[in-house]
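# Inside the fold
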Amino acid sequence: MELYDHLIGSFPYKRFSIVENFLPTGYSMPTYTLLGQEVVRLPFIPETSLGHEVLHQWFGNLVYIDYAKGNWAEGLTTFLADLLYQEEKGRGVEYRKESLINYQSYVNEKNEFPLKDFRERRDYASEAIGYGKALMVFQMLKKMVGEERFYESIRYFTEENRFRKASWEDICRAFEKISQKNLDLFFSQWIDREGLPDLHLEEVKVKPSGAEFEVAFTVIQKGKVFILDLPVVVYSSLGKATNVFHLQREKEEFKMVVGGVPDRIVVDEGYDVARMLSLNEFPPVIARLIGDEKRVIVLPPSGAEIYEQVVDVWKGKGASLSDWDRIKYIEPGTSGLLILGADNPVVAKLYGSVTARGGFSVLIKENPWNRWKVVGIFNARSKKEVDAAFQKIFHYGKYSAVSFDHGVNTYKEIDQSTRGITEELLKETISVEIRTLKTLSDVMAHVAGKKIIYVGETHYLFPDHVMELEIIIDLHKRGRPIAIGMEMFQRPFQKVLDDYIGGKIGEAEFLRGTEYFKRWGFDYHLYRPILLYARSEKIPVIALNIPQEIVDQVFRSGLDSLSEKEKKSIPAQMDFSDEAYKQRLRKVFLEHRDIENIKTGNFDFFYQAQILWDETMAESVDQFLRTHPNDQMVVLAGSGHLTYGSGIPKRVARRNGYDHAILLNNVDLKREIADFVLFPEAIPGVTSPMLMVFLKEEAGKVEIAGFPQNSLSEKAGMKVGDIIVTIDRTPIHTIDDVKIDLLARKKGEKVKVRALRKGLLGSKEMDFDVVLQ
Ligand SMILES: [Zn+2]
């Protein structure tokens, strides 16, 4: 009362009583408030609801509300009570952001209305407008006229309208009088019109400007255009520069000149503008599931009965039901999903796995296929836990995760989201202290104790493979049992690998048996030393990869196009929610658009193929370590599957939690890209010599399909259509036979190729002396 005496004018009555009601009310009548008895007992009431009801003595009971023209009192009371108390605790920005999160969660095209039509709170949407949007309007007013004039205007408005009905027009008149500004446009835009501005930051550019930097950016308004003051901050190496821009059009370019190297631009970081939030500011929270107009409850394969109450309540709110096996891999996100059970297979299909805590829990996550939609994962130990806690979640709308034990809240958390609309500018220069450079042996001393050591390679670079071998030898010499996991071999060929390592078959049979040349194709000399070493030391080599045919199919038509049998052969757990990884893959996808098969592709399918590939390799690593708990594993894979841990490492860690180290070769230094980046010495490699012919294979015959430029085979007289019968008397039936024969030869060596040539008088065999290139 003292606070408001000072801020607004003296308390209008002679007494004030707090009255308990047996009903759960929150009313303010002249001289008293009627609060529910359950509520009065709560420890936080004096500094939340009670202050709000006290302030209604002024707004509602001293100045009446002209309901026909819109209830302004809830917005103003929330602004000067609830928000003010949070500001005193340093939480004002968060409180305003939460109001906007609520607005965006609950208000949609169908239920939105302008503030002039707000009478009282009927549901979540009307509350988000009448309280939430209205408090933001007062925030903008305060920013526009300044704090002193704001309170002066409020005092004037209160004094002028004692014991009479007042409307937004009276508030407008009071502010105009005190500030000497014309506020018609402001009030008609925010009070008479529905909706909020939807602002987007685009075309952000930095360039030097004298000794400073110019940051240029464009603000786009999608949908209705609003006129507003937009605060923008640029953070630089010298601190922060703030500016307020007057926004008037659908698309406007602005510039700021700042000292120091600018590293980040942030639009409205203080949530001073009533606006829609950008995707990165909008955390997945329970409110978004409550506010979604369309919801589907996903039943688990068994045990649905314990969720009876969840199903009944949401069905009552219009949700429909679906069996778990009717949900597709690409869940289009046309509805919010309520998944029952953390072990529901749909959870595995979207997120790999999630951790559910407590007797009953709700976890809200973004739908990875449509980030504007959320998925709620409901998990419970028993029906009793559900019944004790479920109804309470509607009071926890602002949280991303909540848990309860016997109906008592034990955990609550809001996911991180950015503050303001942000964009990175120039990252601070990174640096390595040369004095601290380490050698491979230093690195090995560091990582040798890890359960899994990932080594990234560029497939065609010899030094990378030499170093992989060095790492393997180092670990093997330490005496702990190790295994080598290789991306280069596909899982169905594990037996062939075992036979080769076990000495049961030779190299030629091994290469044919694993279909190495067809399925991997890089010069075998690159990998040969590693496999020879593994064979001589009996180190198991594990085929990590998925059969190429399945990846190709997914790449062309998506996971949903796989047959039921194929679906059973792929990992049940697949996590599509690593957004940073998705963005990096999208860049790769767009950069390779010129390649024919990517051009025709669809990014979602490309992304699914990548994740399927990664998850399969992760599953292979995990399966081996489960059956060989004492082993350590070295995983050899392309760097792209290892950077930032996104491809394989995090997916293995999700499965088994083992510690690991990531070693990459020769990649750009970036924060968190790996544990170590290695720079191996250049070393000349050995490669197989070439016949310089294009071959095709059919029914046990290898035919020349063409010649590259400057082919010595062509000069020796060979022709398109010739069928190669032998090379130096070795019979040739497949392209593998050719490649295996060449593996043992050197450049410049002369070989005798016997070929069958069709002529008018039938076929004849001819011999050619070819110099290998
Ligand atoms: Zn109120």
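Residues numbered from 1 in each chain as written. Predicted model: local features only at pLDDT ≥ 70, side-chain atom pairs only at ≥ 80, totals over all residues. Heavy atoms only, no water.

### Re the overall build of the protein
A count of helices and strands for the protein gives 27 helices and 31 strands. In terms of overall dimensions, the protein is more spread out than a globule: its C-alpha atoms have a radius of gyration of 35 Å, far above the 28 Å expected for 773 residues. Here the protein holds 773 residues, and the buried ones make up 52% of them. Considering only residue pairs separated by 6 or more positions, the protein has 67% of its internal contacts joining residues 24 or more positions apart. Carbon together with sulfur atoms contributes 51% to the accessible area of the protein, which is approximately 36700 Å² in total. Computed over 103 positive and 112 negative side-chain charges, the inter-centroid distance for the protein is 2 Å. (Helix = DSSP H or I, 4+ residues; strand = E, 2+ residues; numbered from the N terminus. Rg over C-alpha atoms; globule rule 2.2 N^0.38 Å. Buried < 20%, exposed > 50% of the residue type's maximum accessible area, 1.4 Å probe, protein only. Contact = heavy atoms within 4.5 Å. Areas by Shrake-Rupley, 256 points an atom, 1.4 Å probe, with all protein chains shown as cover. Lys, Arg positive; Asp, Glu negative; His and termini not counted. Charge placed at Lys NZ, Arg CZ, Asp CG, Glu CD.)

### What to know about the environment of Lys587
Topologically, Lys587 is positioned in helix α22 (residues 579-591). Between the alpha carbons of Lys587 and Lys328 there is a distance of 25 Å; along the sequence they are 259 residues apart.

### Some points on the side chain of His641
Relative to the helices and strands, His641 resides in the loop between β23 (632-638) and α25 (649-656). Side-chain polar atoms of His641 contact the side chain of Glu487, separated by 3.2 Å. At 2.6 Å, the side chain of His641 and the side chain of Asp614 are in polar contact. The residues touching His641, leaving out its near neighbours within four places in the chain, are Glu487, Gln610, Trp613, Asp614, Met617, Gly647, Ile648 and Pro649. (Polar contact = N/O pair within 3.5 Å; in protein donor to acceptor, adjacent residues only side chain to side chain.)

### Focus on the nonpolar core
Counting residues in hydrophobic clusters, the biggest one holds 118 residues, and the most contacted among them are Trp72, Leu80, Phe217, Trp314, Phe360 and Phe378. With 12 residues, the single largest contributor to this core is helix α6 (residues 124-145). (Core = buried A, V, L, I, M, F, W, Y, C linked by side-chain atoms within 4.5 Å.)

### Let's talk about the packing of α22 against helix α24 (residues 603-627)
Close contact between α22 and α24 brings their axes to 10 Å; oriented N to C, the two are set at 120°. What the angle tells us is that α22 and α24 run oblique. The crossing of α22 and α24 is right-handed. On α24, the residues touching Tyr581, Lys582, Leu585, Arg586, Val588 and Phe589 of α22 are Phe603, Phe606, Tyr607, Gln610, Ile611 and Asp614. (Axes fitted to C-alpha atoms, helices over the stretch in contact; angles between N-to-C directions. Parallel < 35°, antiparallel > 145°, perpendicular 65-115°, else oblique. Left-handed = near helix turned anticlockwise from the far one by under 90°.)

### Concerning the sheet that holds strand β25 (residues 676-678)
Spatially, six strands are ordered β22-β21-β23-β20-β24-β25 in an open sheet, and the strand pairing comes out parallel. The open sheet has two edge strands with one neighbour each: β22 (541-545) and β25. Ignoring which end each strand starts from, the neighbouring axes of this sheet average 25° apart. Of the pairings in the sheet, the one linking strand β24 (residues 660-665) to β25 comprises three bridges and is parallel in character. Bridged to Leu664 within β25 is Val677. Relative to β22, helix α16 (residues 494-501) is tilted by about 160°, and along the sheet it contacts β21 (482-490) and β22. (Pairing = 2+ DSSP bridges.)

### Some remarks on the coordination of the zinc ion
Around the zinc ion, the protein contributes the donor atoms His52 (NE2), His56 (NE2) and Glu74 (OE), which lie 2.0 to 2.1 Å from the metal centre. Read in sequence order, the donor residues for the zinc ion give the motif H-x3-H-x17-E. Of the two residues examined, His52 and His56, each falls in the buried class. (Donors = N, O, S within 2.8 Å, 3.2 Å for Na, K, Ca; no water.)

### A short note on the pattern of salt bridges
Summed over the entire model, instances satisfying the criterion amount to 46 salt bridges. The salt bridge partner of Lys69 is Glu169, with a shortest N-O separation of 3.8 Å. Of this pair, Lys69 sits in the loop between β4 (64-65) and α4 (73-88) while Glu169 sits in helix α8 (residues 168-179), and the two are 100 residues apart along the sequence. Lys69 sits in the partly exposed class, given a relative accessible area of 39%. On the accessibility criterion, Glu169 (43% relative accessible area) is partly exposed. For the salt bridge of Glu564 with Lys567, the shortest nitrogen-to-oxygen distance reads 3.7 Å. Within this pair, Glu564 and its partner Lys567 are both found in helix α21 (residues 564-569), separated by three residues, close to a single helical turn. Connected via shared salt-bridge partners are Lys69, Glu169, Asp170 and Arg173. (Salt bridge = Lys/Arg side-chain N within 4 Å of Asp/Glu carboxyl O.)

### Description of the environment of Ile484
Looking at where Ile484 falls in the secondary structure, it is placed in strand β21. As a C-alpha pair, Ile484 and Val621 span 137 residues in sequence and 9.6 Å in three-dimensional space. In contact with Ile484, not counting residues within four places along its chain, are Ile472, Ile530, Ala534, Ile539, Pro540, Val541, Ile542, Met633, Val634 and Leu636.

### Things to note about α16
Burial of α16 is extensive: six of the eight residues sit out of reach of the surface. When we look at burial in α16, the residues that qualify are Gln494, Val496, Leu497, Asp499, Tyr500 and Ile501. Where the residues of α16 are buried, they touch β21, α17 (507-513), α19 (528-537) and β22. Once α16 finishes, Gly503 follows within two positions and takes phi at roughly 80°, a positive value.

### Remarks on unusual backbone geometry
Its identity is not glycine, yet Asp268 carries a phi of approximately 50°, on the positive side. Along the chain, the position of Asp268 falls in the loop between β11 (262-267) and α10 (286-291). Its identity as a non-glycine residue notwithstanding, Lys538 has a phi of 55°, on the positive side. Within the fold, Lys538 resides in the loop between α19 and β22.

### Quick look at the packing of aromatic side chains
This structure, assessed with the given rule, holds 45 aromatic pairs. Here Phe150 and Tyr151 contribute two aromatic rings whose centre-to-centre distance is 5.4 Å and whose plane-to-plane angle is 85°, an arrangement assigned as edge-to-face. An identical accessibility class is assigned to Phe150 and Tyr151; each is buried. Where Tyr500 meets Phe510, the ring centres are 4.2 Å apart and the plane angle is 10°; that geometry is what we call stacked. In this pair, Tyr500 is assigned in helix α16 and Phe510 in helix α17, connecting sequence segments 10 residues apart. Like Phe510, Tyr500 is buried. (Phe/Tyr/Trp six-rings, centres within 6.5 Å; stacked < 30°, edge-to-face > 60°.)

### Remarks on the sheet that holds β11
The sheet built from four strands is open, its strands ordered β9-β8-β11-β19 with antiparallel pairing. Strands with a single pairing partner mark the edges of an open sheet, and in this sheet they are β9 (239-247) and β19 (421-424). Across the sheet, the mean angle separating the axes of adjacent strands is 20° when strand polarity is ignored. Summarising the sheet, β11 and β19 pair through four bridges and their orientation is antiparallel. Opposite Ile265, over in β19, you have Glu423 as the bridge partner.

### Here we look at empty space enclosed by the protein
Where empty space is left becomes clear once a probe the size of a water molecule has been rolled over the atoms. In this structure the tally under the stated criterion is one cavity of 30 Å³ or more. Estimates place the volume of the largest cavity at around 30 Å³. Met488, Phe489, Gln490, Phe493, Thr514, Glu515, Tyr516, Arg519 and Trp520 are the residues that line the largest cavity. Secondary-structure elements contributing two or more residues to the lining of the largest cavity are β21 and α18 (516-519). Of the residues forming the lining of the largest cavity, the biggest block, three residues, is contributed by β21. Per-class residue counts for the lining of the largest cavity are five nonpolar, two polar and two charged. (1 Å grid on protein atoms, 1.4 Å probe; cavity = no way out; pocket = protein on both sides within 12 Å on 5 of 7 lines; lining within 4 Å. Points joined across faces, edges and corners; volume = space filled by probe spheres on them. Nonpolar A, V, L, I, M, F, W, Y, C, P; charged D, E, K, R; others polar.)

### Some details on the confidence of the model for the protein
Predicted confidence across the protein gives a mean pLDDT of 94, with 99% of residues reaching 70 or more. The least confident element of the protein, judged by mean pLDDT, is helix α23 (residues 596-599) at 55; the most confident is strand β20 (residues 452-457) at 98. (pLDDT = per-residue confidence, 0-100.)

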